[in-house]
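Structural overview
Okay, here's what each chain looks like letter by letter:
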Amino acid sequence: MKHIQIYTDGACSYNPGPGGWGAILIYNGVEKRISGGEPNTTNNRMELLAVINGLSCLKEKCEVEIFSDSAYVVNAYIQNWVDNWKANGWKKQKNSIKNLELWKQLDSLVNFHNVKFIKVKGHSDNVYNNECDKMAREQVDKILGGINE
C-alpha cells in the first residue's frame, strides 16, 4: 500500500468572507500542490476542504498522514468527535454540526484510506504547513482581486 503525506491549510479573510485552501501531497519524494477558494466561506470550511481535496486526489486506497494546524479538523479524529457525532445521528449533543456535508464527505474518505491525523503548529517552522498557508492566502488574494475589480 502506498504511503502518502498530505499537508493542508485553510485561510479566510473576514470569516465569513473570501477563503482559500492549499494542500501538498508527497509520495516517494514527489510533490503535488493543489489549492482553491470560495468567495463567501469560513476558515473551518477551508480547513476541511483542504483535507478533502487532498484525499480526493488519491486514486487507490493508501496509508495517509495528514498534517494540519487545524485543531477543528485534527481533534475531530484524534479525540473521536466524529465517532461520537455518528453514534448520535451526526449531532453534537442536541445541536446540529456545522459543515455537516463536508464532515460526511471527509469521513467517507478517511474510512476508505488508512488515515492518521497529525497536528502541527501553524505559522512556525514547518515548511510544508507554511507553503500550504501561502497557497491558501494566494487564493484569498485572487478572490479579493476579483471582488475589487
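Residues numbered from 1 in each chain as written. Predicted model: local features only at pLDDT ≥ 70, side-chain atom pairs only at ≥ 80, totals over all residues. Heavy atoms only, no water.

1. Observations concerning the environment of Asn-43
As for its position among the elements, Asn-43 is in helix 1 (residues 43-56). Once the C-alpha coordinates of Asn-43 and Gly-20 are considered, the two residues, 23 residues apart in sequence, prove to be 8.2 Å apart. Apart from residues no more than four positions distant in its own chain, Asn-43 is found in contact with Gly-10, Ala-11, Cys-12 and Asn-15. (Helix = DSSP H or I, 4+ residues; strand = E, 2+ residues; numbered from the N terminus. Contact = heavy atoms within 4.5 Å.)

2. Considerations on the pattern of salt bridges
On inspection of all chains with the given rule, the structure shows six salt bridges. Residues Arg-45 and Glu-101 are paired through a salt bridge, measuring 2.7 Å at the closest nitrogen-oxygen approach. Taken together, the residues Arg-45 in helix 1 and Glu-101 in helix 4 (residues 100-112) connect sequence positions 56 residues apart. (Salt bridge = Lys/Arg side-chain N within 4 Å of Asp/Glu carboxyl O.)

3. Digging into the packing of aromatic side chains
By the definition in use, this model includes seven aromatic pairs. For the ring pair Tyr-7 and Phe-67, a centre distance of 4.4 Å and an interplane angle of 10° mean the geometry is stacked. Here the residue Tyr-7 occupies a position in strand 1 (residues 3-12), and Phe-67 occupies one in strand 4 (residues 63-68), the gap between them amounting to 60 residues. Residue Tyr-7 is classed as buried on the basis of its relative accessible area of 9%. Taken together, the ring pairs connect Tyr-72, Tyr-77, Trp-81, Trp-85, Trp-103 and Phe-117 into an aromatic cluster. (Phe/Tyr/Trp six-rings, centres within 6.5 Å; stacked < 30°, edge-to-face > 60°. Buried < 20%, exposed > 50% of the residue type's maximum accessible area, 1.4 Å probe, protein only.)

4. Observations concerning the pairing of strand 3 (residues 30-41)
A regular strand places its side chains so that they alternate between the two faces of the sheet. Looking at chain direction, strand 2 (residues 17-27) and strand 3 are connected through 10 bridges and run antiparallel. Residue pairing across strands places Gly-20 opposite Gly-37, the latter belonging to strand 3. What sits between strand 2 and strand 3 in their antiparallel hairpin is a turn of two residues, with Asn-28 showing a positive phi close to 50°. (Pairing = 2+ DSSP bridges.)

5. Quick notes on the nonpolar core
Among the nonpolar cores identified, the biggest contains 31 residues, and Ile-6, Leu-55, Trp-103 and Leu-106 are the most heavily contacted of them. For this core, the secondary structure elements donating two or more residues are strand 1, strand 2, helix 1, strand 4, helix 2 (71-78), helix 3 (81-87) and helix 4. With seven residues, helix 1 is the single largest residue contributor to this core. With residues near it in sequence (within four places) discarded, Leu-55 still touches Ile-6, Val-64, Ile-66, Leu-106, Leu-109, Val-110, His-113 and Val-115. Counting seven residues, the second-largest nonpolar core is a separate cluster that includes Tyr-7, Ile-24, Cys-132 and Met-135. (Core = buried A, V, L, I, M, F, W, Y, C linked by side-chain atoms within 4.5 Å.)

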